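Tertiary structure, described
Residues per chain are reported as follows:
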Amino acid sequence: MSVLAVEDLRVRLRTPAGEITVVDGVDYEVQPGEVFGVAGESGSGKTISMLALLGLLPEGAVVGGTARFGDDDLLAMPRKRLRRISGQELAMVFQDPFTSLHPMLSVGRQLTDHVRVHLGVGQAAAEARAIECLEEVRLPDPRAALARFPHQFSGGMRQRIAIAIALACRPKLLIADEPTTALDVTVQAGILRLLDRLRHESGLSVILITHDLGVMSSIADHVSVFYAGRIVEAGPTRELLTAPRHPYTRALIDALPHPEAEGGTELVAIPGSAATPRNRPAGCAFHPRCPYASQRSQNEVPALVPISDTRKLACHVDPFRPA
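To keep things clear, this report deals only with the structure shown in the data block. Just so we're clear, the structure is a prediction, and the values are computed from it rather than from any experiment.

Calculation notes
- Residues numbered from 1 in each chain as written.
- Predicted model: local features only at pLDDT ≥ 70, side-chain atom pairs only at ≥ 80, totals over all residues.
- Heavy atoms only, no water.
- Helix = DSSP H or I, 4+ residues; strand = E, 2+ residues; numbered from the N terminus.
- Buried < 20%, exposed > 50% of the residue type's maximum accessible area, 1.4 Å probe, protein only.
- Contact = heavy atoms within 4.5 Å.
- Areas by Shrake-Rupley, 256 points an atom, 1.4 Å probe, with all protein chains shown as cover.
- Lys, Arg positive; Asp, Glu negative; His and termini not counted.
- Charge placed at Lys NZ, Arg CZ, Asp CG, Glu CD.
- Phe/Tyr/Trp six-rings, centres within 6.5 Å; stacked < 30°, edge-to-face > 60°.
- Lys NZ or Arg CZ within 6 Å of the ring centre and 35° of its normal.
- Pairing = 2+ DSSP bridges.

Turning to the overall build of the protein, a few remarks are in order. Across its full length, the protein carries 12 helices and 12 strands. C-alpha atoms of the protein, sized along the principal axes, occupy 65 × 50 × 40 Å. Taking all 323 residues of the protein together, 48% fall into the buried category. Partitioning the intrachain contacts of the protein with sequence separation of at least 6 by distance along the chain shows that 64% fall at a separation of at least 24. Working note: accessible area of the protein is about 15700 Å², and carbon and sulfur atoms make up 52% of it. Here the protein contributes 34 positive and 36 negative side-chain charges, whose respective centroids are spaced 5 Å apart.

Pasting the structure below:
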């Protein structure tokens, strides 16, 4: 049984110019112990689709569809029940730990308060669990770290603390939103190794949100590629990245620098600008930037359909279909 099954997720947000659709009919499943990757450019709806699961959208947001988490539908759950689950069974690590961690509270206070609220234990047990969590994420001298404040740690150490807080109540599912952004390459590798180790040791499922396909290829088991609030391609990571079928996925890969390329080789930029919820084109949202677009692409939204036992694609043309 999947840990999370999302079906026809739709999110509309209110703006001064009226309602806009940010997420438009998204479906996916996350399996136990799996790292599920969500890739795409900024503004493609990746983070908003996850915030909808936790009830963290702005006031006035309209959410549709279902999100089965065990026997519950997160989208239909009363707010009080959702708050009990969030942080205990379902947790999220936000993109910037410097802003998600409270600057005026010690690391120990933030960890122990979280544990006491969700697990109902006393201060001594909460402190013991806090030290255990910091040890799990390999933070040096965990006991001393409890008395320190977020600004006293490096970016990589702050991200480890944020992960420790998220995992303190042993959740079934961790949502990691760009957890390696703004970190140098060696620190990035350490965070990825940490997530990979934790999911193998505890059976933790992870949703990894990133625009970095290099990060995705190193840890994710399965990838869904978002564009303009829709999934355009999904499948096993290695298969999807080595043999992409959607023109957008291929364009993302072609835009990456390749160490083996000859000197002076220019990067292949994706023409045009990414579609936004306010100016999303009719039909396939990628068609103004796609050299393979057909008349049908301009008029009809392609459905995400199976193209094999493990792959799904939303493209009328499918220009990279094997001969």
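Next comes the rest of the account.
Backbone geometry follows two general trends: most residues other than glycine have a negative phi, and most peptide bonds adopt the trans configuration. Phi at aspartate 141 takes a positive value of approximately 50°, unusual for a residue other than glycine. Relative to the elements of secondary structure, aspartate 141 occurs in the loop between α5 (123–136) and α6 (142–145). For aspartate 141, a relative accessible area of 52% gives the class exposed. Residue arginine 170 is not a glycine yet carries a positive backbone phi of 55°.

This part covers the environment of leucine 173. In this fold, leucine 173 is placed in strand β7 (residues 173–177). Sequence separation between leucine 173 and glutamate 89 is 84 residues; the distance between their C-alpha atoms is 6.7 Å. When residues no more than four places from it in sequence are discounted, the contact partners of leucine 173 are Val3, Leu4, Val30, Phe69, Glu89, Leu90, Ala91, Leu204, Ser205, Val206 and Ile207.

The geometry of an aromatic ring pair comes down to the distance between the two centres and the angle between the two planes. Going through the model one piece at a time under the given rule, you end up with five aromatic pairs. Judged by centre distance (5.3 Å) and plane angle (85°), the rings of tyrosine 227 and phenylalanine 286 are edge-to-face. Note that tyrosine 227 is positioned in strand β9 (residues 222–227) and phenylalanine 286 in the loop between α11 (247–254) and α12 (295–299), a separation of 59 residues in sequence. As far as burial versus exposure is concerned, tyrosine 227 and phenylalanine 286 are alike and both buried. Three or more aromatic residues joined by ring pairs form one cluster here, namely Tyr227, Tyr248 and Phe286. The side chain of arginine 148 reaches across the aromatic face of phenylalanine 153, ending 4.3 Å from its centre. Over the ring of phenylalanine 320 we find arginine 250, and its NZ or CZ is 4.1 Å from the ring centre.

With that settled, the discussion passes to the sheet that holds strand β2 (residues 18–30). Where strands meet in a sheet, backbone hydrogen bonds hold them as pairs that are either parallel or antiparallel. What the four strands build is an open sheet, ordered β2-β1-β4-β5; its pairing is antiparallel. The open sheet has two free edges, formed respectively by β2 and β5 (72–73), since each of these has just one partner strand. With 10 bridges connecting them, strand β1 (residues 4–15) and β2 associate as antiparallel partners. Note on β2: the bridge partner recorded for valine 11 is valine 23.

These figures come from the coordinates and say nothing about function on their own.
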